Every structure is written in C-alpha cells, then in structure tokens.
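# Commentary on secondary and tertiary structure
Below, each chain spelled out in residue letters.
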Amino acid sequence: MISLREYLASGKPLIADGATGTMLMAAGLPPEISPEVWNVEQPEKILALHRAYIDAGSQIFLTNTFGGTHLKLARRNQATRVRELNLAAAALAIQAAAGKAYVAGDIGPTGEMMKPYGPLAYEQAVEAFAEQAAALVEGGVDGLWIETMADLNEAKAAVSAAVQAARDAGKPDLPVFCSLSFGKKARTMVGVSARQAAQELWPLGLAAIGANCGEGLEMIPEVLRQMHEAVPSACLIAKPNAGLPRLEGGETVYDVSPGDFAGYVGKFIAQGAQVVGSCCGSEPEYIRAIARQIGE
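Structural notes, computed from the coordinates. These figures come from a predicted structure and were not determined experimentally.

## Side note on the packing of aromatic side chains
Going through the model one piece at a time under the given rule, you end up with four aromatic pairs. Residues Phe261 and Tyr286 carry aromatic rings whose centres are separated by 5.7 Å and whose planes lie at 80 degrees to one another, so their mutual orientation is edge-to-face. Placement of Phe261 in helix α11 (residues 258-270) and of Tyr286 in helix α12 (residues 284-295) is noted, with a sequence separation of 25 residues between them. Note on Phe261: relative accessible area 0%, which makes it buried.

What follows is the structure, given as structure tokens:
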C-alpha cells in the first residue's frame, strides 16, 4: 500500500468505518467497562469488529481508543493504563488490517469541560492528548484521527499534541485528521462554526478536517460548504450518524437505512468530501452500501 498521505494526495474517495460503540455494545460490552479495556481482555471481539468493517469495504478504520486519554480512563479507574491500552489497540488494528486498510489512531474528547466553561486548562489537555498520541504513534498507526470535538480549544490542544507526537517520534509526515461534531446549523454545541473550525485548525498541520457524529446528516452539506470556502485546499471528512436516534420498543434505533445513507454520502462526495464513513447507529452494512455507491 502507498502511504496514507500519498493516498489523500490522489484525490480518490477514502472509505472509513462506522460505529464502534454501537458494535461493541451489541457484542456485550458492559456499560461500566471502558471499551479500551477490551483491547486486552477481549481482543478477539475487537479483531472481529475491525475485520467486519474491512470486509465491508473500509479502507481506513479507527482503533478502539476513543476514550484513551488518562482523563477519560480515570472515570473507570484505568488512568495508569494509557500506554498499555493504546499500544494494544494499535497492535490489534494493524493485525486486522493485514496490509489491506489504513489504521487511524482514534483520539476522542477528554470528557472534561475546558476553561472558561469548566476546570480543564489548555496545558492539561495538551499533556493528556500527547500521552495518548505518543502511544498510538509508537504502536505503528498510519495516522491519527481526532474526532467528535465541540470545543475549539480542546480540538486545538489535541491537534497540536498529535502533530508534535508524530514529530517527536521521527514521523513528521504522519497524517493527522480532525473531525468535529456539529448541530443542524453547522455549529458545535459550544457555538463553533464549521468555517471557524477550518480556519483555525487547518494551519496547525492537519491532513484532513470535517465532521463526524452530530445531529443527523442534514447539516453535512453546510459544514462542507463552509469548510471548503474557508480552506479550499483542505481534504474534507464526512462521517455522520445514521440519522437521528429514537426509542422503539425500549431500544435506541436510528432512522436512516444503509441504502439511503449511502445516497447521502454520494452527494457529500460530489460536494467535495474525500474521506467518508458513518458514526453512531451504523454497522458494517452501512459501509458496504457506501462502497457499492462509490463503485457505481
């Protein structure tokens, strides 16, 4: 395989994966257990998750490390296991990829509110993200993917830490992605617009930027429009939820089918998105539908 950065330079669509949490809960993950712990305690289930997405057509997929900072792991008394759990996740992902797909080291929010909204200082956030990013880079991932961000300062801390971790490891060309979670007005829950996010985050050294999770699919075209206008050269990401969740028979279900979802993604690509996938509520069939849509 060519490097991830070379693939992005080709301009060809890059199919990502779908939901991790949805799949792990279906596999029996107890709510009181950090998903990252399964990288050590249930490795066969993590391998099965990754392989299901690869078999469906994912060309890049995320490690099971969304909550892999010590700040997030501390909520379930796992704060001292950052390096262990992230290294294990990278190893499993690389094993599953088997040279057929790219592995992106997943970095999610800390779960703490940044100042002035909460107690977390910028420097503390950088330290937490740097520790996780260093372990993922050490583990041999093809890139780092910061996702589901809402606070611009937290996103900046994560991007800066990830870029520096790659440089410190002697891998300055390691691609760093960043996707934020937007509402229907193309703003995050703390009011950051897609345009502002692109303007302030892209210069930090990103290889791709865009949206994941968020309120359905309808906001994605506006996010892509704003980001493209702000940074015309940026590689754009569209990885929304499978529609909006609702309760049905006591269970949470999402309102967009795989086929309909793939139709949306085809439109996102036409609008300039290069990296496409799905988030909450999806499963491998959504990725399979996307792959069929792109192949048509």
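Let's pick the thread back up.
## Section: the pairing of strand β7 (residues 236-240)
Of all five residues in β7, five are buried, a share of seventy percent or more. Relative to β7, strand β6 (residues 208-213) runs parallel, the two being bridged by five bridges. Bridge pairing in β7 places Gly210 opposite Ile237. Read as a crossover between parallel neighbours, the route from β6 over helix α10 (residues 220-230) to β7 is right-handed. Judged from the three bridges that link them, β7 and strand β10 (residues 273-276) form a sheet pairing that is parallel. By the bridge assignment, Ile237 is partnered in β10 with Val275.

## Some remarks on the sheet that holds strand β5 (residues 176-180)
Within a sheet, neighbouring strands are paired by backbone hydrogen bonds and run either parallel or antiparallel to one another. Reading across from one edge, β1-β10-β7-β6-β5-β4-β3-β2 is the order of the eight strands in this open sheet, with parallel pairing throughout. Edge positions in the open sheet fall to β1 (14-15) and β2 (60-62), since each of these has one partner strand only.

## Focus: the pattern of salt bridges
For side chains bearing opposite charge, pairing can occur when the charged atoms are close. Inspection of every chain in the model, using the stated rule, returns eleven salt bridges. Linking Arg75 and Glu112 is a salt bridge whose minimum nitrogen-to-oxygen distance equals 3.9 Å. Of this pair, Arg75 sits in the loop between α5 (70-73) and α6 (82-97) while Glu112 sits in the loop between β3 (102-107) and α7 (122-138), and the two are 37 residues apart along the sequence. The class for Glu112 is partly exposed, based on a relative accessible area of 29%. Residue Arg225 pairs with Glu229 through a salt bridge whose shortest N-O separation is 2.9 Å. Placement of both Arg225 and Glu229 in helix α10 is noted, with a separation of four residues, approximately one turn of the helix. Look at Glu229 and you get partly exposed, because its relative accessible area is 46%. Taken together, the salt bridges that share partners define one network made up of Arg195, Glu222, Arg225 and Glu229.

## Focus: helix α8 (residues 152-168)
Helix length check: α8 (17 residues) gives 24 Å between terminal C-alpha atoms against 24 Å at 1.5 Å per residue, within 8%. Among the residues of α8, Leu152, Glu154, Ala155, Ala157, Ala158, Val159, Ala161, Ala162, Val163, Ala165 and Ala166 are the ones counted as buried. On the buried face of α8, the contacting elements are α7, β4 (143-149), β5 and α9 (194-201). In this structure Asp151 caps α8, since a side-chain oxygen of it lies 2.8 Å from the backbone nitrogen of Asn153.

Conventions adopted
Counting restarts for each chain, with residues numbered from 1 along the sequence as it is written. The predicted nature of this model means local features are confined to residues of pLDDT at least 70 and side-chain atom pairs, given and counted, to a pLDDT of 80 or more, with totals for whole chains, interfaces and linings taken over all residues. Computation of side-chain values covers all heavy atoms of the structure but excludes hydrogens and water. Two rings from Phe, Tyr or Trp (for Trp, the six-membered ring) form a pair when their centres are within 6.5 Å of each other. A pair whose planes differ by under 30 degrees is stacked, one over 60 is edge-to-face, and the rest are tilted. Put simply, DSSP marks the helices as runs of H or I at least four residues long and the strands as runs of E at least two long, and each gets a number from the N terminus on. Relative accessibility decides the category of a residue: with a 1.4 Å probe and only protein chains considered, values under 20% of the type maximum give buried, values over 50% give exposed, and everything between is partly exposed. Strand pairing requires that DSSP identify at least two bridges connecting the strands. Classification remark: right-handed applies to a crossover when, strands pointing away from the viewer, the course from the first strand over the helix to the second runs clockwise. In what follows, salt bridge is the name for a side-chain nitrogen of Lys or Arg lying within 4 Å of a carboxyl oxygen of Asp or Glu. By definition here, a helix of n residues has an expected span of 1.5 Å times n minus one. Whether two residues are in contact is decided by their heavy atoms, any of which lying within 4.5 Å being enough. For the purposes of these results, a polar contact is taken to be a pair of N or O atoms within 3.5 Å, where, inside protein, one atom must be able to donate a hydrogen and its partner to accept one; residues adjacent in sequence count only when each atom of the pair is a side-chain atom.

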